[in-house]
Amino acid sequence: MLLAMKRAVALTRYPAFFRDAARIEEEAVEFHAYAVLAVPGLLQTEEYARTMFTVWRPRRREDEIEQMVAARMARHKIYERKPAPTLSFVIEESVLERPFGGVDVLRGQLEHIRLVAENPHVEIQVMPTRVVDHAGADGPFTMMTPEGGEPVAYVESQANGRVITKRESVRGFAVRYGILRAQALSPVESVRHIEKLLQGDL
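Quick look at the structure, then. Quick caveat, the model's predicted, so the values are computed rather than measured.

Counting 37 residues, the largest nonpolar core has Phe89, Leu96, Ile124 and Met144 as its most contacted members. Ranked by the residues each element gives to this core, the list is headed by helix α5 (residues 103–116), at five residues. Residues within four places of Ile124 in sequence aside, it is in contact with Leu43, Phe89, Ile91, Ile113, Val116, Ala117, Pro187 and Ser190. Counting 14 residues, the second-largest nonpolar core is a separate cluster that includes Val90, Ala153, Ile164 and Tyr177.

Dropping the structure here:
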């Protein structure tokens, strides 16, 4: 009971709309995300995360921003879990070129993504802006599979989030994600693309 209460209290650090997803994420043996506007939270550096919360309108108080940054960084414990979950990310090329917080923040973020990509349990792919056939027209989403459970999808927009459990709907997300991965650059090509960005003028 005490462990359950501790976990419930820990979840209160997240926005109410995200808590159901956070609960599933903590148990996920698989995590897959398609990002179109910003670097996914599980890949964000502290500086990038702080910038994302700072540019929010209407503006938040400084103490609120710091609480949200701490909560986002706490999610990164997923990389320390044993056995390690399988994680994959498909990120739009434009996300990797948008200098939220300035060039230094972006450079630090790209270097961090390149470092995370070395994890054997993580695959990162870049979706080229100029791709002609694109399965992600409906926007960003996340798919998770909790240990011993069925896959679910999660969609979030404008400070609202929804966990989708209906099998037919989840299957549709899975199909789209599979196609997105096929349309994107391979993990090796994606790392090379990120390295190229770091070598150029950001």
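This brings us to the sheet that holds strand β5 (residues 152–157). Ordered in space as β3-β2-β1-β4-β5-β6, the six strands form an open sheet in which the pairing is mixed. A single partner strand is all that each edge strand has here, and the edge strands are β3 (122–127) and β6 (160–164). Ignoring which end each strand starts from, the neighbouring axes of this sheet average 15° apart. In this sheet, strand β2 (residues 86–92) lies alongside strand β1 (residues 28–35) in parallel orientation, the contact comprising six bridges. Bridge assignment links Glu30 to a residue of β2, and that residue is Thr86. Running over the sheet, helix α6 (residues 167–183) touches β1, β2, β3, β4 (141–146), β5 and β6 and is turned about 115° from β4.

Let us now look at the packing of helix α3 (residues 46–54) against helix α4 (residues 62–74). If you want to describe how two helices pack, look at the angle between their axes and the distance between the axes. Remark: α3 packs on α4, axes separated minimally by 9 Å, with the N-to-C direction vectors making an angle of 135°. Of the possible angle classes, the one that applies to α3 and α4 is oblique. Judged by the sense of rotation from one axis to the other, the crossing of α3 with α4 is right-handed. Contacts between α3 and α4 involve Glu46, Ala49, Arg50, Phe53 and Thr54 from the first element and Ile65, Glu66, Met68, Val69, Arg72 and Met73 from the second. Residue classes in the contact of α3 with α4 are distributed as six nonpolar, one polar and four charged.

What counts and how
Residues numbered from 1 in each chain as written. Predicted model: local features only at pLDDT ≥ 70, side-chain atom pairs only at ≥ 80, totals over all residues. Heavy atoms only, no water. Core = buried A, V, L, I, M, F, W, Y, C linked by side-chain atoms within 4.5 Å. Buried < 20%, exposed > 50% of the residue type's maximum accessible area, 1.4 Å probe, protein only. Helix = DSSP H or I, 4+ residues; strand = E, 2+ residues; numbered from the N terminus. Contact = heavy atoms within 4.5 Å. Pairing = 2+ DSSP bridges. Axes fitted to C-alpha atoms, helices over the stretch in contact; angles between N-to-C directions. Parallel < 35°, antiparallel > 145°, perpendicular 65-115°, else oblique. Left-handed = near helix turned anticlockwise from the far one by under 90°. Nonpolar A, V, L, I, M, F, W, Y, C, P; charged D, E, K, R; others polar.

These figures capture arrangement, not role.
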